[in-house]
Amino acid sequence: MADQTHVLFVEDDDVIREATQLALERDGFVVTAMPDGLSGLEAFRADRPDIALLDVMVPGLDGVSLCRRIRDESTVPVIMLSARADSIDVVLGLEAGADDYVTKPFDGAVLVARIRAVLRRFGHASGGDRTTDTDAAPVAGGVLTFGDLEIDTEGMEVRRAGQPVALTPTEMRLLLEFSSAPGTVLSRDKLLERVWDYGWGGDTRVVDVHVQRLRTKIGQDRIETVRGFGYKLKA
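The notes below deal with the structure included here.

Some details on the sheet that holds strand β8 (residues 157-160)
The strand order across the open sheet formed by four strands is β6-β7-β8-β9, and the pairing between neighbours is antiparallel. The outermost strands of the open sheet, each flanked by one partner alone, are β6 (143-146) and β9 (163-164). Relative to strand β7 (residues 149-152), β6 is paired through four bridges, and the arrangement is antiparallel. Each residue of the ladder has a partner; that of Leu144, found in β7, is Ile151.

Some remarks on helix α1 (residues 14-26)
Compared with an ideal rise of 1.5 Å per residue, which puts 13 residues at 18 Å, α1 spans 18 Å between its outermost C-alpha atoms and is within 8% of the ideal. Of the residues making up α1, those classed as buried are Arg17, Thr20 and Leu24. Looking straight down α1, one finds its buried side chains confined to an arc of 80 degrees; they lie on one side. Every exposed residue of α1 that faces more than 90 degrees away from the buried side is listed here: Val15 and Arg26. The opening residue of α1, the one whose side-chain oxygen lies 3.0 Å from the backbone nitrogen of Val15, is Asp13. Backbone geometry just after α1 places Gly28 at a positive phi near 95 degrees.

Parameters at a glance
Residues numbered from 1 in each chain as written. Predicted model: local features only at pLDDT ≥ 70, side-chain atom pairs only at ≥ 80, totals over all residues. Heavy atoms only, no water. Pairing = 2+ DSSP bridges. Helix = DSSP H or I, 4+ residues; strand = E, 2+ residues; numbered from the N terminus. Expected span 1.5 Å × (residues − 1). Buried < 20%, exposed > 50% of the residue type's maximum accessible area, 1.4 Å probe, protein only. Arc of directions from axis to C-beta. Polar contact = N/O pair within 3.5 Å; in protein donor to acceptor, adjacent residues only side chain to side chain.

As structure tokens, then:
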């Protein structure tokens, strides 16, 4: 990419790490590649990359734990890499704060497309420490109120019962989609398209886990499940 996006890549398999690093660098990314979770955490703190690619099974500090540590310090986008599409691996990674996941073995072009999709919805803020996303889904300006929940769509701030709510950019985009059409059921596929920028079919578990994470922050009963159809924000 023209502005030299910095990728942190943590992978313990030497062949995969080196081949993927070369592929990403050919596409214009700057890549810091680390073989284990502890060195990955040190590199993250030292370099503040634009995005992190974390393999689930790495020594020292596994990818899920590393994701949690990163999420404690930053809203930088995180993509988990897993050697299997096992539900436990996927859900654990997403619950730890990952924004997306890719199953190995992966095609280099697919990985690049997923990276760019994540960066587009994050607005590609270098350093990854931004807490808002000015390119989020269009919503009427001003403050929207739903019970004790207040959403400032211009300042990109959320409060619940007067207290600030810390959301990742993906969670904010998801909430903005719901708040733009309160009471309207949004299907998982539609949310994947609008929030995750998927122009192709994606894993709807990504939506489900993010909805659960959002519920824990804004209230469990604020987003309603409409079985067989999707979710809606209670007006």
